[in-house]
Amino acid sequence: MRRKARLVPILTAIAGSTLLSTTIAHGATADATSGVTAGATADATSGATAGATADATSGATAGATADATAGGGTAANESGVTPARAVPQPVEKEAADTKKEQQTVQRYWTEAKMEAAKPLAALVPEKDGARLTAGAIAAQAAADPVSVPATEPDGDTVTAAKGSAAVRASTGTAWTRGGAIVKTAGRVFFTYQGRNASCSANAVTSENKSTVITAGHCVRMGGAFHGNWVFVPGYQNGDRPYGTWVATTLYTTPQWNNSEDVNYDVASAVVAPLNGRSLTDVVGGQGVSFNQARRRQMHSFGYPAAAPYDGSKLVYCAGRAFDDFLMSRDIGLNCNMTGGSSGGPWFLDFNESTGLGTLNSVNSFKYAFATGWMFGPYFGTEARAVYEAAQTTGAP
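What counts, and at which threshold
Residues numbered from 1 in each chain as written. Predicted model: local features only at pLDDT ≥ 70, side-chain atom pairs only at ≥ 80, totals over all residues. Heavy atoms only, no water. Helix = DSSP H or I, 4+ residues; strand = E, 2+ residues; numbered from the N terminus. Salt bridge = Lys/Arg side-chain N within 4 Å of Asp/Glu carboxyl O. Buried < 20%, exposed > 50% of the residue type's maximum accessible area, 1.4 Å probe, protein only. Polar contact = N/O pair within 3.5 Å; in protein donor to acceptor, adjacent residues only side chain to side chain.

Regarding unusual backbone geometry
At step 1: The residue after Ala307, namely Pro308, is reached through a cis peptide bond having omega 10 degrees.
At step 2: By the secondary structure assignment, Pro308 is in the loop between β16 (297-302) and β17 (315-320).
At step 3: In this structure, Glu260 is a non-glycine residue whose phi angle is positive, near 50 degrees.
At step 4: Examined against the element boundaries, Glu260 turns out to sit in the loop between α7 (254-259) and β14 (267-271).

And the structure:
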């Protein structure tokens, strides 16, 4: 049966703010067919030049008080110590949590329906944007870093060397080097407002061996959670080499649930066992980390399905992350992936030889006027709470 997440108060001063007229990461473009205005295209497939980071911190005061004023942070008390606050509990939605419901969802997803599924294309409600301030960066750094190692299908912790001897820069190339990533990453399929749609996701190390991390809009958007939610690890040209895994429970941040705040566009899914085995017993699990330093070398993966891609293969971007200096507190990469890559994993310390890394963000959104930049949420304490809630939930 299910167990509730073990949530603990963690110091944070990250304030929520979203982009103006932002389209969620689903390949929507600023043309007439998508209906997107000059705001931003969804399916955060973005990246920026390293020089952009300077603007993010310029003119900002270094104190926590300044950050609180800029976007809802917690000001320091008289002793100069920022008081900790309890992180709001993630929002939970039961999905196919009975055997009968799981069988129904399994039968629903025929090969034809998966191939016909389209990336989402919808606007995020307009909200006041806010830059990342020096105070916000300092508050994030004050939170205790947390890192969970990757695991092999047999459950052993992976102790392979971090990083890759020769990291190849990429802004949207098909991944052909194999390794663990071709098993842990996969496509997500679901029903959104009566039509079939797709995203991306990744299996991670977890207590229940059944946890997937993706973007918030890949589980909920437009005021409701998606239906018929499944994860297909290792998807390749229509093949499902490791099966179709049905979600039993979905989790997202309260900030995404309540106002679709792109700064907290994070979600987890718990999937039911398949043929008597748990997910990571079959495909393994990537590591996951929170409250890490920004502006590091990262790899992003996903299954872009909007032109010029077709969702048939795993694609990756690689480069040094930068801070969004425009309207969010997210991190960015130079990346041309399109709709359908939403929810795909971003890794620190990714080893291109083994295909292993530490998941530290997900593809989230793009600006319409800067389609070569992909943005993903900073994995702080709210993202950690979503992960903890999922990994401590039983999979019926």
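There's plenty left to go through after this.
With respect to the pattern of salt bridges
At step 1: The final tally for this structure, using the stated rule, is six salt bridges.
At step 2: Across the pair Lys209 and Asp281 runs a salt bridge whose closest N-O atoms are separated by 3.3 Å. Residue Lys209 is located in the loop between β8 (195-203) and β9 (211-214), and its partner Asp281 is located in helix α8 (residues 279-283); the two are separated by 72 residues in the primary sequence.
At step 3: Judged by its relative accessible area of 34%, Lys209 is partly exposed.

Concerning the side chain of Lys366
At step 1: Note on placement: Lys366 falls in strand β22 (residues 364-367).
At step 2: Looking at Lys366, its side chain comes within polar contact range of the main-chain oxygen of Cys335, at 3.5 Å.
At step 3: Only 2.2 Å separates the side chain of Lys366 from the backbone oxygen of Thr371, close enough to count as a polar contact.

Thoughts on the side chain of Thr381
At step 1: Mapped onto the secondary structure, Thr381 falls in helix α9 (residues 381-391).
At step 2: Among the polar contacts made by the side chain of Thr381, one reaches the side chain of Glu382 at a distance of 3.3 Å.

Overview of the environment of Ala390
At step 1: Of note, Ala390 is situated in helix α9.
At step 2: Counting along the chain gives 122 residues from Ala390 to Ser268, while the straight-line C-alpha distance between them is 6.2 Å.

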